[in-house]
Amino acid sequence: MAPSPLRGARPSRSTSNLSLKGSTHVCLSHRRSRYHDLKSIEDYRSKALPLVAKAGGRLIALDEAPLELEGWKAANLLIIEFPDKDAIRQLFASREYAPLAAQRQAAAGSRIIAINGI
C-alpha cells in the first residue's frame, strides 16, 4: 500500500496563520466489531441530537457506511460542529446527557475526539 499523501503534511502558508479559536468539531465513530444494538443507537441519536442543538451544536455529517481508507473501521461516523470546546465539555458533563452516554456505550464501542475548525 502506498503511503498516505497526508502523512507528515503541514498547513499551507495560507492556513498556517489562521486562528483556531473558531468552531470545534466532534468526530464520533462506532467500531464495527463492537456494534451491538442498532435500535438503541437510533434511540440514543433521537434523544442526544436535541441536547446537541441546545448546546449550540449541529450535525454536519453522518455516514452509515464510511469509505475506509487507512485502518479506521467504523460502522458509522458522525461529525458535529460546536461553537467551542467548552460547549462540548458542558454537554458531556451534563446530567441530561449522562444516561444517554451510558446507553451509547452499552450499544456500541465508540471513539470520540474533538478537533478545532479553521
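Our subject is the structure that appears above.
For clarity, every value in this text was computed on a predicted model and none was experimentally measured.

Here we take up the packing of aromatic side chains. Counted under the stated rule, the structure contains two aromatic pairs. Both rings, one in tyrosine 44 and one in tyrosine 97, keep their centres 6.3 Å apart while their planes meet at 65°; by these two values the pair is edge-to-face. Of the two residues, tyrosine 44 is situated in helix H2 (residues 38–54) and tyrosine 97 in the loop between helix H3 (85–93) and helix H4 (98–107); the sequence distance between them amounts to 53 residues. Pair check on accessibility: tyrosine 44 and tyrosine 97 agree, each one buried. On the numbers, 5.0 Å between centres and 45° between planes, the contact of phenylalanine 92 with tyrosine 97 is tilted. A relative accessible area of 3% places tyrosine 97 in the buried class.

With that settled, consider the nonpolar core. By size, the foremost hydrophobic cluster in this structure holds 15 residues, and its most contacted members are Tyr44, Phe82, Leu91, Tyr97 and Leu100. Listing elements by their share of this core, those giving two or more residues are strand S1 (24–35), H2, strand S3 (76–82), H3 and H4. With four residues, H2 is the single largest residue contributor to this core. Setting aside residues no more than four positions away along its own chain, leucine 100 makes contact with Tyr44, Lys47, Ala48 and Leu51.

Thresholds, definitions, all that
Residues numbered from 1 in each chain as written. Predicted model: local features only at pLDDT ≥ 70, side-chain atom pairs only at ≥ 80, totals over all residues. Heavy atoms only, no water. Phe/Tyr/Trp six-rings, centres within 6.5 Å; stacked < 30°, edge-to-face > 60°. Helix = DSSP H or I, 4+ residues; strand = E, 2+ residues; numbered from the N terminus. Buried < 20%, exposed > 50% of the residue type's maximum accessible area, 1.4 Å probe, protein only. Core = buried A, V, L, I, M, F, W, Y, C linked by side-chain atoms within 4.5 Å. Contact = heavy atoms within 4.5 Å.

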